[in-house]
Amino acid sequence: MFRNYLKIAWRNLWKNKVFSLINIVGLSIGLSAAFVIGTIIYFDLTFDKFHPDGNRIYRVTTEFTSPDGNFYNPGVSVPLGQALKEELTGIETVSPLYTISMHQVENVETETLFKDPENVIHTDSNYFQLFQYKWLAGDVNKILSNPNEVVLTKNRAKKYFPDLSPNEIVGKVLIYNDTIPLNVSGIVENFKDRSDLIFEEFISYKTIGDNGLKNRLGSTNWNSTNSASQLFVKLNKNADVVSVQRQLDLLAAEHLDEEMVAFGQKRRFYLQPLADIHFNPNYGTYDYTRSQASKPVLISLAFVALFLLLLGCINFINLNTAQATQRAKEIGIRKTLGGSKKQLVFQFLGETFLLTVTAAVVSLFFSSWLIRVFSDFIPEGVSFGLFKSPVLIVSAILLMFVLTLLSGFYPALVLSRFKPVSVLKNQVLPSSDKTSLRKYLTVFQFVIAQVFIIATALVGKQIHYLMTKDMGFKTEAIAYLRTPYNEPSIDKRIRLLEKLKTDPHIQDVVLAGNPPASGSTFSSSIVYRDRENEVQASIQLLYGDSDYRRLYEIPLLAGRDVLNDTIKEYVINETYMKLLGFKKPMEAIGQSLILGREPYPIVGVMKDFYQRSLRTAIKPMALIGDWERSRHSQFNTIHFSIGGNKSSDLTSDIALVEKAWKSIYPDYDFDPRFIDDTVSRFYEQERKTSALLKWATGLTILISCLGLLGLVIHTTERRTKEIGIRKVLGASLAQLNLLLCKEFLVLVGIAFAIATPIAWWGLDYWLQGFAYKTALSWWVFFLGGITMLFIAMAIIRIRTIAAANADPIKSLRTE
């Protein structure tokens, strides 16, 4: 019987090639999207799921609350680790983790140098109690208990000692930063499963105090928070997370600085679950080369896959219910010969399953192509090979069964309900209920398509606004070079500056801090007092001088620049000026701002500019000199203009800068960055969203139009004789075309009326994430509606014109 079902199913699919092709294409697109998006979701959701007791492991982070908003830091105060061990209950293990970078490692025996080793941390033996590594060499019970010890992963050990086995590597010496000798005390296997803990070298915590690295952590008191000082804890098996969090809150309140209280600031130590590290953008991950995963993005992708699958299912339901009358005699004969309703339902579901399997096979090839096309959007590590995962294979099989039921169950019920007597007497007429359902489903298809079209247009409009918006400072033909963090000497920076200034091809060379817009910011709490009020605020500090401001062409509205980069004076922006209560720039000149306990004068007011992406509002800012040069200079970046000399080109200018760089910093990589690229990177996520929307829109329109084409083909075939009679009675081509198009165009219009408020609500919500945004213009919605209308008309007219042009004599002979 099963064999007969397959034969009949195959014959019916082959007989109706066009409709079968439409169904296969629609379902394969939906399945391809589901396979790829499902793989991405599975990939991101399985990070760090393999650790024993992973649900009891937390990273302790810091959240600051102030009148200016909330600020998040993955680091904690250095004394917190010891306090957790001594004062808090419910904690089983505490392990500090310090991400202090090293600029080079030397293999003593081979005298081989390795520059800028990545993924190096300082920790203690408790780290290996929290996270279970497989030990290849070394004594796990004595590991990292003494200063000057290091544990390597297998991959890093292979890099430093390519010809030695793990046991032979133990006891070897590596010299870090030219002066810190470390004994290799253990080798561990790299994690085979996906993890955000990508560390490769584990240096004993006690090494920090013995080798002068402590200064790299900054202050070690309770009032200082450095992202390099991090903490992991493991709670007791029966510990209450809420209770432990409450104890942390009390501890934070106990050690809150009086100055923070005066500025209305609060600090909270937060228990961040291990699984949350991969998704929480507030605190970030340890892999800076990988984009942070986002649960909202994954949810959006899941909805895209769901909609594409639903559109494919709707095509199947519409076309199969529309064709029901063509199979009426087959059903009548089967019922007359004793076929039960149950058998007929299984037969039609079998046809659906065969078509779904065919679509799934096609979608595997399509999925492989999609992964290549979206390689920039898809997380690194997602590949076609992940489809071999047992979880994904089982999920794909379940999805095919669900699609079979979703697509085929209703058409199977409709077909199996035909009465044999009525069928054999040719008394089967299309049901109004089935026709109404087809209309509802068609409207749903076009609602989804028009929402995507409108969203694509608006997102494109917003990206154009972001990319063309004047940042308030010069962004073209300016590059900058960050000097090595491990080379704090201001003398070398000045030598490089002077060397570049003597080259006539390099123009406007400046030594200063960060560029006007960057991902790094420095802030400080500053007080302004007058006779009537007091203004306390966290102010972003930009380190530069008059040459810096002129290079970036930041307009000065009043006053003057700082006279010298070491004189303590302020040039504030308009936003800060207004916050202080001044209406005109000249009113602020001569006023004093208190930093710490000392007042320093405002000598100038500069025009506002955008310090980061247009997602965030312009912050109060002050341009200051290199006040801390004697202790720790903030002038650590060389800025220069390029391409301005007609006798040279960009490539040769950069080559000259590189030559000068190598003469001062021969051991460090030359890494110039361009301001326009820096600004462009602010909107990388928006560009990816736009690309995804364009593809989703195209696929949605394709599936919807394929379904519409199938319905039009069915409608024109069913009304062949009516068309012939109308032509004989004098109907024109335009009248016949309008007759056949009218029903479908009304559905497109209804869909537009439904899609417009949905799209407006969703896009208005999305735009709220931007401090500066484009308008929700009426033409964006009109464009969505008119685009869908023209596409639908083009699809409909392909078939209706052919039907209207047919010879009426042949049409009237058709039975």
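Here we summarise the structure given alongside this text. Note that the structure is a prediction, hence the values are computed from the model and not measured.

Conventions and cut-offs
Residues numbered from 1 in each chain as written. Predicted model: local features only at pLDDT ≥ 70, side-chain atom pairs only at ≥ 80, totals over all residues. Heavy atoms only, no water. Helix = DSSP H or I, 4+ residues; strand = E, 2+ residues; numbered from the N terminus. Buried < 20%, exposed > 50% of the residue type's maximum accessible area, 1.4 Å probe, protein only. Pairing = 2+ DSSP bridges. Contact = heavy atoms within 4.5 Å. Axes fitted to C-alpha atoms, helices over the stretch in contact; angles between N-to-C directions. Parallel < 35°, antiparallel > 145°, perpendicular 65-115°, else oblique. Left-handed = near helix turned anticlockwise from the far one by under 90°.

## A few points about the environment of Glu258
Here comes step 1: Along the chain, Glu258 falls in helix α9 (residues 258–262).
Here comes step 2: Owing to a relative accessible area of 69%, Glu258 belongs among the exposed residues under this scheme.
Here comes step 3: For Glu258 and Asn223, which are 35 residues apart along the polypeptide, the C-alpha to C-alpha distance reads 9.7 Å.

## Concerning the pairing of strand β19 (residues 570–573)
Here comes step 1: The side-chain alternation of β19 yields two buried faces, one formed by Tyr570 and Ile572 and the other by Val571 and Asn573.
Here comes step 2: As judged from the 4 bridges shared by β19 and strand β21 (residues 598–606), these two strands associate in the parallel manner. Paired with Tyr570 across the strands is Ile602, a residue of β21.
Here comes step 3: When β19 meets strand β22 (residues 621–624), the two strands line up antiparallel, connected through 2 bridges. If you follow Val571 over to β22, its bridge partner there is Leu623.

## Notes on the environment of Ile801
Here comes step 1: For Ile801, the location among the structural elements is in helix α26 (residues 778–804).
Here comes step 2: Residue classification places Ile801 among the partly exposed positions, given a relative accessible area of 27%.
Here comes step 3: Along the chain, Ile801 and Asn737 lie 64 residues apart, while their C-alpha atoms are 6.3 Å from each other.
Here comes step 4: In this structure, Ile801 is in contact with Leu733 and Asn737, ignoring residues within four places of it in sequence.

## A closer look at the packing of helix α3 (residues 80–87) against helix α8 (residues 241–254)
Here comes step 1: In the contact formed by α3 and α8, the axes pass within 12 Å of each other and the chain directions differ by 125°. The angle between α3 and α8 places the two elements in the oblique class. Here the hand of the crossing between α3 and α8 comes out right-handed. Residue-level inspection shows Leu80, Ala83, Leu84 and Glu87 of α3 in contact with α8, the latter providing Gln247, Leu248, Leu251 and Glu254.

## Observations concerning the pairing of strand β12 (residues 229–235)
The side chains of a regular strand alternate, first on one face of the sheet and then on the other.
Here comes step 1: The buried fraction of β12 amounts to 7 of the 7 residues, a majority that puts the element mostly inside the structure.
Here comes step 2: Taking every second residue as pointing to the same face, both faces of β12 are buried, with Ser229, Leu231, Val233 and Leu235 on one and Gln230, Phe232 and Lys234 on the other.
Here comes step 3: Of the strand pairs in this sheet, strand β1 (residues 57–66) and β12 are connected by 4 bridges, and their pairing is antiparallel. Residue pairing in the sheet places Tyr58 in a bridge with Val233 of β12.
Here comes step 4: Note that strand β3 (residues 91–98) and β12 share 7 bridges and pair antiparallel. Paired with Ser95 across the two strands is Phe232, which belongs to β12.

## Details of the sheet that holds strand β14 (residues 478–482)
Here comes step 1: The sheet built from 4 strands is open, its strands ordered β15-β23-β14-β24 with antiparallel pairing. The strands lining the two open edges of the sheet, one partner per strand, are β15 (507–512) and β24 (673–674).
Here comes step 2: In terms of strand pairing, β15 meets strand β23 (residues 637–641) through 4 bridges, oriented antiparallel. Bridge pairing in β23 links Ala512 to Thr637.
Here comes step 3: Against the sheet, helix α16 (residues 490–501) contacts β15 and β23, and its axis sits at roughly 175° relative to β15.
Here comes step 4: Helix α21 (residues 650–664) rests against β14, β23 and β24 of the sheet, and its axis sits at about 20° to β14.

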